[in-house]
Amino acid sequence: MKIICIGRNYADHAKEMKSELPTTPIFFLKPDTAYLKPGEPFYYPSFTKDLHYECELVVKLCKVGKNISEKFAHKYYKEIGLGIDFTARDLQEQCKAKGLPWEIAKAFEHSAPISKDFIQKEDLNWDQLQFTLKKNDEIVQVGYTKDMIFKVDQIIAYVSQFMTLKTGDLIYTGTPAGVGPVKIGDKLSGFINEKQMFHLEIK
Ligand code: MG
């Protein structure tokens, strides 16, 4: 299983990061060791002093495909979950400044917690979806699928030009504005519409 993450897919987040809007999807990978089993605690890594949450809708691939056309991309996913793309922001800034790849900031152990449950796409009004992240009961991020710069079908078509997508692969579809730091003891809860999808404590 590979984890594909989309960067700068919401204009308001690109703006808060002072990044240009992309003209094609930007993606990077996390290894399968970034997966955090739902319900397991997350331990603050020792190599960063500025760990940030990025709450993202996650699409699970249900079919193998390469060079998938946008027209058929909807056949390659049925389930939607919610996850966190944990980011060591201090390391990412250092990598960016040097023009280096940012794996150390993004691909580390357990950097991709995800909801236990996934929702069937057909049970959702996918184009009108809202997702929310609460930190210690305060709402810190609210996103809407309608604000995605690149829609999931476009992302699948784009990424599958470069690599085969496999059943079980996960696509983290980007984060809206409101990213910020966490500290030990913080609790994060994610919601799709009104449904709570995950609850995570930073240890
Ligand atoms: Mg992200």
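What you are looking at is a predicted structure, and each value in this text was computed from that prediction instead of being measured. (Residues numbered from 1 in each chain as written. Predicted model: local features only at pLDDT ≥ 70, side-chain atom pairs only at ≥ 80, totals over all residues. Heavy atoms only, no water.)

A. Looking closely at the overall build of the chain. For the chain, the count of helices and strands is four helices and 15 strands. The globule rule puts the C-alpha radius of gyration for 203 residues at 17 Å, and the 16 Å found for the chain is close to it. By principal-axis analysis of the C-alpha atoms, the chain measures approximately 45 × 40 × 30 Å. Burial analysis of the chain (203 residues in total) assigns 51% to the buried set. Total accessible area computed for the chain in this model is approximately 9,800 Å², and 51% of it derives from carbon and sulfur atoms. Across the chain, 28 positive and 27 negative side-chain charges occur, with their mean positions spaced 3 Å apart. (Helix = DSSP H or I, 4+ residues; strand = E, 2+ residues; numbered from the N terminus. Rg over C-alpha atoms; globule rule 2.2 N^0.38 Å. Buried < 20%, exposed > 50% of the residue type's maximum accessible area, 1.4 Å probe, protein only. Areas by Shrake-Rupley, 256 points an atom, 1.4 Å probe, with all protein chains shown as cover. Lys, Arg positive; Asp, Glu negative; His and termini not counted. Charge placed at Lys NZ, Arg CZ, Asp CG, Glu CD.)

B. Just the nonpolar core, in detail. L57, F86, I156, L188, I192 and F198 are the most contacted members of the largest nonpolar core, which totals 58 residues. Apart from residues lying up to four places away in sequence, I156 is in contact with L61, I68, A73, Y77, L165 and I171. (Core = buried A, V, L, I, M, F, W, Y, C linked by side-chain atoms within 4.5 Å. Contact = heavy atoms within 4.5 Å.)

C. Quick look at the pairing of strand β11 (residues 138-144). Sheet analysis places strand β10 (residues 130-135) next to β11, joined by six bridges and oriented antiparallel. By the bridge assignment for β11, K135 is matched with E138. The hairpin formed by β10 and β11 contains two residues between the paired strands, and N136 there has a positive phi angle of roughly 50°. (Pairing = 2+ DSSP bridges.)

D. Representation of the coordination of the magnesium ion in the model. Here the magnesium ion is held by the protein donor atoms E54 (OE), E56 (OE) and D85 (OD), which lie 2.0 to 2.1 Å from it. In the primary structure, the donors to the magnesium ion are separated according to the pattern E-x1-E-x28-D. E56 carries the same exposure label as E54, and that label is buried. (Donors = N, O, S within 2.8 Å, 3.2 Å for Na, K, Ca; no water.)

E. Here's a closer look at the environment of T164. Following the sequence through the fold, T164 ends up in the loop between α4 (152-159) and β12 (170-172). Look at T164 and you get partly exposed, because its relative accessible area is 30%. It is 17 Å that separates the C-alpha atoms of T164 and P25, two residues lying 139 residues apart in sequence. Beyond its immediate chain neighbours, meaning those up to four positions away, T164 contacts K2, V64, G65, K66 and D169.

F. Broad picture of the sheet that holds β10. Strand order in this open sheet of four strands is β11-β10-β14-β15, and the pairing throughout is antiparallel. Two strands in the sheet have a free side with no partner beyond their single neighbour: β11 and β15 (195-201). For this sheet, the mean inter-axis angle between neighbouring strands, taken without regard to orientation, is 15°. Sheet analysis places strand β14 (residues 187-192) next to β15, joined by six bridges and oriented antiparallel. What sits directly across from S189, in β15, is H199. (Axes fitted to C-alpha atoms, helices over the stretch in contact; angles between N-to-C directions.)

G. Representation of the environment of K166. Its place among the elements puts K166 in the loop between α4 and β12. C-alpha of K166 to C-alpha of K63: the two residues are 103 residues apart in sequence and 6.0 Å apart in space. Not counting residues up to four positions away in its chain, the partners in contact with K166 are K2, L61, K63 and V64.

H. Helix α2 (residues 89-98), seen in detail. Turning to α2, its buried residues number three or more, namely R89, L91, Q92 and C95. Taken end-on, α2 shows its buried residues confined to a sector of 155°, consistent with a single buried face. α2 presents A97 and K98 as exposed residues on the side facing more than 90 degrees away from its buried surface. Taken together, the buried residues of α2 touch β4 (51-53), β7 (87-88) and α3 (103-106). Backbone geometry just downstream of α2 places G99 in the positive-phi region, at approximately 70°. (Arc of directions from axis to C-beta.)

I. Layout of the pattern of salt bridges. The tally for this structure, following the rule as stated, stands at eight salt bridges. Ionic pairing is found between K60 and E79, a salt bridge with its closest N-O pair at 4.0 Å. Highlighted residues: K60 in strand β5 (residues 55-61) and E79 in strand β6 (residues 77-84), separated in sequence by 19 residues. With a relative accessible area of 25%, K60 lands in the partly exposed category. E79 sits in the partly exposed class, given a relative accessible area of 25%. Here K106 and D85 are joined by a salt bridge, their closest N and O atoms 2.9 Å apart. Pair noted here: K106 is in helix α3 and D85 is in the loop between β6 and β7, with a separation of 21 residues, a long-range link. Residue D85 is classed as buried on the basis of its relative accessible area, which comes to 0%. Within this structure, K30, E54, D85, R89 and K106 form a network of salt bridges that share partners. (Salt bridge = Lys/Arg side-chain N within 4 Å of Asp/Glu carboxyl O.)

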